[in-house]
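Structure assessment
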Amino acid sequence: MAQTDPPRASPDALLTLANREGRGCLKIFLGAAPGVGKTYAMLQAGRAERDGGTDAVIGLVETHGRPETQELLYGFEILPRLSVPYRGRMVQEFDLDAALQRHPRLILVDEYAHTNASGSRHPKRWQDIEELLDAGIDVWTTLNIQHLESLNDIVQRITRIRVRETVPDRVFDEADELVLVDLPPDELLKRLAAGKVYVQDTAARAVDNFFRPNNLVALRELALRRAAERIDSELLERMQSGGVEGPWAAGERILVCVGADEVSPMVVRHAKRLADAIGAPWLAVTVERPGESLGSEKRHRLDGALQLAGQLGADETKTLVAGDMVQELLRFARFENVTQIVVGRSRGGWWSELLGRSLPHQLVHHAEDIAIHVVTAKGERSPGAWWRKRTPQVNPNQSWLPFLWSALAVAGAIAIALAMTSVVSLPNVSMIFLVAVLFAAVRFGIWPAVVSSILSFLSYNFFFIDPVYTFTVARPHELLALFIFLGAAVLTSAIAGRAREQAAAAVSRARALRRLYEFTRRLSSLPDAIAVAEGAVVELNGYINRPAAILLPQGDLLELAASWPPEDQLDTASATAARWAYDKDEAAGAGTGTLPSARWIFLPLRSGRGRVGVMGVALDGAVPDGETRTLAETVAELTATALERARLAREITAAHTATEAERVRNTLLASISHDFRTPLASILGAATSLIDYGPKLPEHARQDLLDQVKDEAEHLDRMVRNLLSMTRVEAGALELRRDWVDIRETFDRVVAIARRRGATQAFRLDVDPELPFVLADPSLLDQALANIVGNAIRYAGLDAHVHLAARYAGEGIMLSVTDNGPGIPPALLPKVFEKFARGREQGGDGGEGTGLGLAIAKGIVDAHGGSIAAESPVADGHGTCISIRLPLEEKRS
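All of the points below concern the structure found in this document. Owing to the predicted nature of the structure, the values given are computational and were not obtained by experimental measurement.

What counts, and at which threshold
- Residues numbered from 1 in each chain as written.
- Predicted model: local features only at pLDDT ≥ 70, side-chain atom pairs only at ≥ 80, totals over all residues.
- Heavy atoms only, no water.
- Helix = DSSP H or I, 4+ residues; strand = E, 2+ residues; numbered from the N terminus.
- Buried < 20%, exposed > 50% of the residue type's maximum accessible area, 1.4 Å probe, protein only.
- Contact = heavy atoms within 4.5 Å.
- Areas by Shrake-Rupley, 256 points an atom, 1.4 Å probe, with all protein chains shown as cover.
- Expected span 1.5 Å × (residues − 1).
- Polar contact = N/O pair within 3.5 Å; in protein donor to acceptor, adjacent residues only side chain to side chain.
- Core = buried A, V, L, I, M, F, W, Y, C linked by side-chain atoms within 4.5 Å.
- Axes fitted to C-alpha atoms, helices over the stretch in contact; angles between N-to-C directions.
- Parallel < 35°, antiparallel > 145°, perpendicular 65-115°, else oblique.
- Left-handed = near helix turned anticlockwise from the far one by under 90°.
- Pairing = 2+ DSSP bridges.
- Nonpolar A, V, L, I, M, F, W, Y, C, P; charged D, E, K, R; others polar.

**With respect to the overall build of the chain**
A count of helical and extended segments in the chain gives 28 helices and 25 strands. Counting all 893 residues of the chain, 42% fall into the buried class. When contacts within the chain are restricted to residue pairs at least 6 apart in sequence, those whose partners lie at least 24 apart make up 69%. Accessible surface for the chain amounts to roughly 47900 Å². Of this, 55% is attributable to carbon and sulfur atoms.

**Here's the deal with helix α18 (residues 430-444)**
Spanning 15 residues, α18 covers 21 Å between terminal C-alpha atoms, matching the ideal 21 Å at 1.5 Å per step. The complete set of buried residues in α18 reads S430, I432, F433, L434, A436, V437, A440, A441 and F444.

**A closer look at the side chain of E149**
Take E149: it is sitting in the loop between β7 (138-144) and α6 (152-159). On the basis of relative accessible area, E149 is assigned to the buried category, the value being 9%. There is a polar contact of 2.8 Å between the side chain of E149 and the side chain of R269. If sequence neighbours within four positions are ignored, E149 has contacts with T166, V167, P168, D169, R269, L308 and L312.

**Comments concerning the side chain of H122**
Residue placement: H122 occurs in the loop between β6 (106-109) and α5 (125-134). Judged by relative accessible area, which is 1%, H122 ranks as buried.

**A short note on the nonpolar core**
I107, Y112 and L132 are the most contacted members of the largest nonpolar core, which totals 57 residues. Not counting chain neighbours up to four residues away, the residues in contact with Y112 comprise L26, I28, R125, W126, I129, E130, T141, T142, L143, V167 and V171.

**Quick notes on the packing of helix α17 (residues 400-423) against helix α19 (residues 446-464)**
For the pair α17 and α19, interaxial distance at closest approach is 9 Å and the crossing angle is 30°. With respect to each other, α17 and α19 are oriented roughly parallel. Here α17 and α19 pass one another in a crossing that is right-handed. On α19, the residues touching P402, F403, S406, A407, V410, I414, A417, L418 and T421 of α17 are W447, P448, V451, S452, L455, S456, S459, F463 and F464.

**Points about the sheet that holds strand β25 (residues 880-887)**
Pairing between the strands of a sheet comes from backbone hydrogen bonds, and it takes one of two forms, parallel or antiparallel. Spatial ordering of the open sheet is given by β20-β22-β23-β25-β24, a layout of five strands whose pairing is mixed. In this open sheet, the two strands that pair with only one neighbour each are β20 (762-767) and β24 (867-871). Looking at each pair of strands side by side, their axes are set apart by 15° on average, direction ignored. Relative to strand β22 (residues 801-809), β20 runs parallel, the two sharing six bridges. By the bridge assignment for β22, D766 is matched with A805. Against the sheet, helix α26 (residues 743-756) contacts β20, β22 and β23 (812-819), and its axis sits at roughly 175° relative to β20. The strands touched by helix α28 (residues 853-863) within the sheet are β24 and β25, with β24 carrying the most contacts at an inclination of about 140°.

**Observations regarding unusual backbone geometry**
That bond from W564 to P565 is cis: its omega, -5°, falls within 30 degrees of zero. If you trace the backbone, P565 turns up in the loop between β15 (557-564) and α22 (572-584). Cis geometry is found at the peptide bond from S872 to P873, where omega equals 0°. Of note, P873 is situated in the loop between β24 and β25. Here the phi dihedral of E111 falls at roughly 55°; this positive angle occurs in a residue that is not glycine. In this model, D585 sits at a positive phi of 60°, which is unusual for a non-glycine residue. Along the polypeptide, D585 turns up in the loop between α22 and β16 (588-589).

**With respect to the packing of α26 against helix α27 (residues 778-796)**
Following both chains from N to C, one finds α26 and α27 inclined at 45°, their axes separated by 10 Å at the closest point. Taken together, the axes of α26 and α27 lie oblique to each other. The two elements α26 and α27 meet at a crossing, and its hand is right-handed. On α27, the residues that touch I743, T746, F747, R749, V750 and A754 of α26 are L781, D782, L785, A786, V789 and I793. Among the residues forming the contact of α26 with α27, the class breakdown is nine nonpolar, one polar and two charged.

Here it is, written out as C-alpha cells:
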C-alpha cells in the first residue's frame, strides 16, 4: 500500500503567523448596538487578567455615567487623558505617547471607531491602536457592528441614519480574537427605558430613531453573521497553518467595476460582502476611454471609490485605458482568472437600457463562464441632475470666451451667406453654417460647437427660410430640412469635438510619457544620490507645480537632501510624517490616515533592497486627483531605482578602491620580500665571514667584505627612500627646496654614483655649453635622474652605452637618458611610469628593484611643473629614451 505524504501547512498561513511575531494581540468586543454591554464585558475580562498577574491598564474607557460600569474601574491603573483644543474648547482624548511610554502588557481602549480631534497624530482611534500593536502591546477594544465600513450602506438603509465613523474591514479581519456581546432586542429596550444606556431624554429620542425593534433585530442579525464569518475565517486559518486537510474551494475571484457615478461606493461594498461570504479575493478596476477627460467632481468620486476599495481590502486597484470598455473588462477578467464580475446600474439610463447598450447588458451578452452581479441603486437625483450631468465642466476664468468666438463664427457665416446670396442665387446656404459649427468644434470642443449649432439653426431659419426675418416656417418640407440641418450640425459638432478632445488627450499623454522618458534618461546619467535627489524634485515640481522634497537617511536621521523651491528645513509635523513614512513603509502626512494635518504628504522610496528615502509633496490643503498621485508614485519609483543605482555605483567604486589597495599592498610586500632578500643575504654573508674568520682574513679581503656591506646597505637605503618618496608623491606632500642647479654637475654626480655601485656601461655626457642653471630641488632632481639611469643600467645590458643629454627645448630645457638596449616591450610602454611596472632584465627575471623608480621620477618632475615621456625603440628597433622637460626661470642677481 502506497504511503501518502503527510499534509503540509500552507506557506501563506505560516507567513501570516511569522509576520505577527513581535506584534501585540488585538481583541475586539463586538456588539449589535450601544448598550449591549461591550465595555462591561471588556472590563470584567480585564479584571480577571489583572487578578491573574497581567500588567493591565486602562487607556480610555467611556462609562457614559453607568454606575455598574464605573465600579469595574476600581483597582485599575488609569492613564491620564490628553487635552486637545477643538473649536474653542478642550476635549479629552486618548494619550498615545503616554501609553507607549508606559508600555503595559495589556491596555484597554474603548470605542475602536472613534474619530480623534483635529491635530492628533492619527485621525482615527483604530490607527492609534495599530501603533500600540506594532509596539508589542496587547489591546482590547469595543466596536458596534454599524461602524464596519463594508456594512455602512446596509446600516443606512436599515436605520435611515448615515454612520460617519467607520473602521476598515481589513483591521477588523486582522483581529486576533473576537468576542460577540449579544443581548436580545427586548432586553436592550428595557435597559434603555431604565436609563442604563442613556439619560431619559436622550433615551426617548433614541427609541424614536435608532433603537426601533426592527432596527435592533436587523443589526443583531448583521452582528451574528459577521461574527460567524470571522470565526469561519479563523478556523480556516488554523487549519491551513496546522496542515489540516480539508475540501478547499476551487478558487473564486471577484472583479468589481468602478466608475465616476454615485452608485460606485455601494457596488464596492457589495463586492466586499460577496467576497467575504465566499472567501474569495477581489479586485477593483476602472476603465477610461482614450481622450476622455473627467471633470473635477467626477474625478473626485472615482478616486474616492478606488480608495474605498483599497480600504476595504481589495487585493489590487487598477486603471485600464481602452476604447471598448466591455472587451477590455472581459480581457482583464480572463487574464486575472476572474470568476465573478460585480457592476452597478444607475437609474435613469433608459435610452441605453432600451438599446441594450448599457454596461451590464453588454457584459451579460459577451461574458462566457463568468457570473455577472448587477447592483441597482435608487434614483436620488434632484430634478436638475440630468442637466448638471451634461453641463460641460469649464474653467470659470475662460468660460465665456469659447462661446463668444462660436457666436462670432455664426455671425461671420451669416455675413458671408448674405453677401453670396445677394450676388448669386443659392438654393441652400446651410453648408456655410456647417463650416462655422466645424470651426467651433475643432477649435473649442463639443459644447461651444453645440451652441454654435443652435445659433446656426436659428440664424438659418431667421435669415434664409421664407418668410425671412421671422422664426415662422411656411412650408412643411422646409421645417423638416431645418431640423435635419440641426441634427447634422449637432452630430458634426459632437464628432469633431470628440476628435479634438481625443487628440488633446493623446498629446497630453505623449507629452507626459516624453517627460518621463527624458527624466529616466537624466536620472541614469546622474553620478550620486544628491544629484539624483535634486533632479527628481525639480522634475516633480515641473509635473505638478507644487513644492517637492526628498529626504535621505544619514545614520539614524533623515536629512533633507534636496527640495524645489529650495527650503532649509521642514516644519515639525511634516518632519514627523516623513519619519513615519520611512519607518513604517507607508504614505503619511496630508491626505493620509497618519498625521493628516501636516502640510506635506510623503511617499517611501522603495528599492529591491529596502527603503532608500522618502519623497514629499506640499499639498497645502489641496486634494490630489488620481492622475497626480499616480504620477508622483511613478516619479518616486524611478527615483528610488536611480538612488539604488547610485548607491550600488558607490559600493562598486569603494570595492574597486579596496581591491586596488589590496593589490598594491600585496605587490609591495611581494616586491619588498623579493628585492630586499638579495642585499640582506649579501650583508648577512659578509658580516658572518667577518665574525667567524675576521682575524684570519687578509686586510684587503676584510676591506672588500666591509665595502660589500656598505654597498648593499646603501642599496637598501635607496629602495627605502624610493618607497618613502612614492608615499610623499601620492599624498601630495612632496616638499621642494629649490636652488639653482648646474645640470652638468648633476649628470656627473649621477654617473659617479652609478659607477661606484658597479655599473659597467659606457656613459657619454652631452650638455649644451650655453645652458643656464635650472631652479629645482637638487636632491630630488638627483634622485629622479639616478632612478632613470639605474633603470637603463638594469635593463640595457652590461655592455650598453648610456647617453645623458641636456639642451634647450622651446622655453624650457630637455634632459634625456638614452640607451641602446633591447628597449621596452610595446605592451609595457604605456604603463612604464605606473607603480610596480617592471620589465625583464637582460639575462634575468625582473631584476632587483621595487618597480617604483620611474613612477617616483614622474612624481618629482610633475612637482617641478615639468613633464616626462618614454620612447622605445629609438633606432634600428632598439634602445630606450626617457626625456624630462623642465621650465626655465630667469636667475635673479
